[in-house]
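Architecture at a glance
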Amino acid sequence: MTSPQDAAPAARPYVVRPARTGDVRGILELLDPWVQRRILLGKELVTLFEAVQEFVVAEIDGRLIGCGALHVMWEDLGEIRTLIVAEDWLHHGVGGAIVSQLEHQARVLGLSRLFCLTFEVEFFSRRGFEPIGEQVVDPDVYSQLLRSPDEGVAEFLDLAHVKPNTLGNTRMLKVLDRA
């Protein structure tokens, strides 16, 4: 007889829920291997605590196996950021479940478009995201967004000072349905 610990990841249930402050150090642990490989940018612990309300986490048996955040950029526009799945849970639907939850939250907030900056083009394409060009907001919104100190907004706007951090990434956008 096999125990739940011996079961394949796909056969074991996990839950996706809003993050709590007690999850922040676990989020940092999920992030660190990807930062070490220069796939994701590192975040300070204080930054994660400040943004904890933006995060959802996937957990099983008290262990975080994934996370992602929804950052509101404008009245109709949000960004999916810091989407991470533990390596032993890749390709088991965790990332898709997190994105689905973040899309639901975006709709509840009244957002109609979601942005992401990613190396995982195929993953996001399967979920309706498409690569974008230069100008995806009108000039008035662009001028307002330029005032944001958030690096993610600078990446969305494709500003020159963030280009070294975004090399190889694809800027993608999804128009949300009103389901």
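Fair warning: this is a prediction, and the values are worked out from it, not measured in the lab. (Residues numbered from 1 in each chain as written. Predicted model: local features only at pLDDT ≥ 70, side-chain atom pairs only at ≥ 80, totals over all residues. Heavy atoms only, no water.)

Some words on the pattern of salt bridges
As a reminder of what qualifies: One speaks of a salt bridge when a side-chain nitrogen belonging to Lys or Arg is within 4 Å of a carboxyl oxygen belonging to Asp or Glu. Secondary structure is summarised from DSSP: a helix means a run of H or I of at least four residues, a strand means a run of E of at least two, and numbering begins at the N terminus for each. Only protein chains enter the calculation, and the probe is 1.4 Å; a residue is then buried if its accessible area is under 20% of its type maximum, exposed if over 50%, and partly exposed in between.
Enumeration according to the criterion identifies 10 salt bridges in this entry. Among the salt bridges present, the one from D88 reaches R63, with a minimum N-O distance of 2.9 Å. Of this pair, D88 sits in the loop between β4 (77-85) and α3 (94-109) while R63 is found in strand β3 (residues 63-74), placing the two residues 25 residues apart along the sequence. Assessed through its relative accessible area of 36%, R63 is described here as partly exposed.

Details of the sheet that holds β4
Rules: Pairs of strands are assigned from DSSP output, requiring at least two bridges between the strands. Two residues form a contact once any of their heavy atoms are found within 4.5 Å. Interaxial angles span 0 to 180 degrees and are taken between N-to-C directions of axes, which are lines fitted to C-alpha atoms, for helices over the stretch in contact.
Taken in spatial order, the seven strands of this open sheet run β1-β2-β3-β4-β5-β7-β6, and their pairing is mixed. A single partner strand is all that each edge strand has here, and the edge strands are β1 (15-18) and β6 (130-131). Of the pairings in the sheet, the one linking β4 to strand β5 (residues 113-118) comprises three bridges and is parallel in character. Following the sheet pairing, G78 is matched in β5 by L114. Each of β2 (55-60), β3 and β4 touches helix α1 (residues 24-36); the most contacted strand, β3, lies at about 90 degrees to it.

Brief notes about α1
Inclusion rule: In this scheme, a helix's expected span is set at 1.5 Å multiplied by one less than its residue total. One axis fitted to the seven residues ending at a residue, another fitted to the seven starting there: the angle between these axes is the bend at that residue.
Over its 13 residues, α1 extends 18 Å from the first C-alpha to the last, a length consistent with the 18 Å expected when each residue adds 1.5 Å. Roughly 25 degrees is the biggest bend found in α1, and it falls at L30, with proline P33 one to four residues downstream. Listing the buried residues of α1 in full gives V24, I27, L30, L31 and W34. Elements in contact with the buried residues of α1: α2 (45-50), β2, β3 and β4. At the exit of α1 stands R38, carrying a positive phi of roughly 65 degrees.

None of the figures reported here should be taken as evidence of function without further support.
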